[in-house]
Amino acid sequence: ETVVAYQWDFGDGNTSTEPAPAHIYRTQGTFTVALTVQFADGKVADVVKADLVEVAVRLGKLPPLGPIVWLDKGSNTIYKGPRSGGEISTVVRGSAYHHLADIDVGGGKVYWTTDDKVERANLDGSGRQTLHEGNNLFQGIAVDPVGGKVYWIVWPEYLGGPAQIWRANLNGSGARAWASKPVATGEWTYNDYVPWLLAIDPVNDRLYWYEKFLGSGGFPASKSRPLTVHDERSIHRTNLDAFTDHTAFKQRPAIGSIALDVGLPTGARNVYWTDPAGDSIWFGNAGETYQSSGLMMSADTPIALAIDANEGKIYWSSSDGIHRANLWDGSEDELIYPDVHADALALDM
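Residues numbered from 1 in each chain as written. Predicted model: local features only at pLDDT ≥ 70, side-chain atom pairs only at ≥ 80, totals over all residues. Heavy atoms only, no water.

Participant: Looking at this structure, I do not really get the packing of aromatic side chains. What am I missing?
Facilitator: Ring pairs (aromatic) are described by centroid distance and by the angle formed between their planes. A complete count under the given rule lists 13 aromatic pairs for this structure. Each ring, one from F138 and one from W152, has its centre 6.4 Å from the other, and the planes form 55°; the classification is tilted. Taken together, the positions of F138 in strand β12 (residues 137-144) and W152 in strand β13 (residues 149-155) put the pair 14 residues apart, joining distant regions of the chain. Just as F138 is buried, W152 falls in that class too. Plain terms: the ring middles of Y272 and F283 are 6.2 Å apart, the flat faces sit at 35° to each other, and that makes the pair tilted. Taken together, the residues Y272 in strand β21 (residues 270-275) and F283 in strand β22 (residues 280-285) connect sequence positions 11 residues apart. Each member of the pair Y272 and F283 is classed as buried. Cluster of aromatic residues (ring-pair linked, three or more members): Y151, W178, W188, W209 and F243. Lying over the aromatic face of W196, K212 brings its terminal NZ or CZ to 3.6 Å of the ring centre. (Phe/Tyr/Trp six-rings, centres within 6.5 Å; stacked < 30°, edge-to-face > 60°. Helix = DSSP H or I, 4+ residues; strand = E, 2+ residues; numbered from the N terminus. Buried < 20%, exposed > 50% of the residue type's maximum accessible area, 1.4 Å probe, protein only. Lys NZ or Arg CZ within 6 Å of the ring centre and 35° of its normal.)

Shown next as structure tokens:
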């Protein structure tokens, strides 16, 4: 029979409605795990495993977590602050000629794209350097600290020709075009489909990107030009050793941000995305074969996302500021930075 609902009880006060959840026990003890499933015909079944999990040694305190970093395109500034909220400080500012486009963090440094540059700096703003520049428009960026690479999206000079994903070593050396779509499989062009956002699972060597339809004139669908049947937005995946375009999820509404639940030794289990118009955050399975998606939680106009699975927290920006909640079920929602606008969020894992 078809299972339509899952309810897990991990025995330590935490629960989940995912089909196959991951859970970190943070206290010493022996725990009973229970699962209740509901079938399509309304029948319910319970499975209880008494004393299934034993945590013999309480884990020591985690090392101090790095700050949460965010980009405010309105002020053309990258900011940071403690993950629990507190004092905000400026990391770097853009200029009238270099508008900040996207950010990522890795190895104690923040990386960002501008109209025509890829740059990085230490998290206190020192050591700022340009890694690459050209007569192009640069967009989404993602850092792979394990593989020692940084990836970014390039829209060609004068907005003509195909878009590409570039990559370089973390110091900017070896910069080159890494991926583009052949014409036969739907070449990325500025007045058609283009990659927009990037996310990396460094453990499983996968790159995810959000691809959307810009349409005639190079602008996304809006109230003045409503969505059409051709305006499909989708999340794609490729292995990092060789570019292979695999469509992971199709999503009609515009996506504000994508993020992976990285931070665990197993790598990402899910990819998450925001639906600002639908006031919701969604997730989908990040595995090779089994693909499913569902609503994680409701949120007021969510924009940007950042996740630390080891910490067990999800961060997102919304119309009222930056929030934090428990990753597995969205509980304990905290508004950690009220009245702050963030177009992109990043954490150093």
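Participant: Explanation requested: the sheet that holds strand β15 (residues 176-179) in the structure shown.
Facilitator: Hydrogen bonds along the backbone pair up the strands of a sheet, which may run parallel or antiparallel. The strand order β12-β13-β14-β15 describes an open sheet built from 4 strands, whose pairing is antiparallel. Bordering the open sheet on either side are β12 and β15, each of which pairs with just one other strand. When the angles between neighbouring strand axes are averaged without regard to direction, this sheet yields 35°. Both strand β14 (residues 164-169) and β15 contribute to a ladder of 3 bridges, which runs antiparallel. Residue pairing for β15: R167 is matched across the bridge by R176. (Pairing = 2+ DSSP bridges. Axes fitted to C-alpha atoms, helices over the stretch in contact; angles between N-to-C directions.)

Participant: Looking at this structure, how should I read the sheet that holds strand β25 (residues 313-318)?
Facilitator: With respect to topology, 4 strands assemble into an open sheet ordered β24-β25-β26-β27, the strand pairing being antiparallel. A single partner strand is all that each edge strand has here, and the edge strands are β24 (305-308) and β27 (334-338). The sheet shows a mean angle of 20° between the axes of neighbouring strands, direction not considered. With 4 bridges connecting them, strand β26 (residues 321-326) and β27 associate as antiparallel partners. Pairing of H323 across the sheet is with L335, part of β27.

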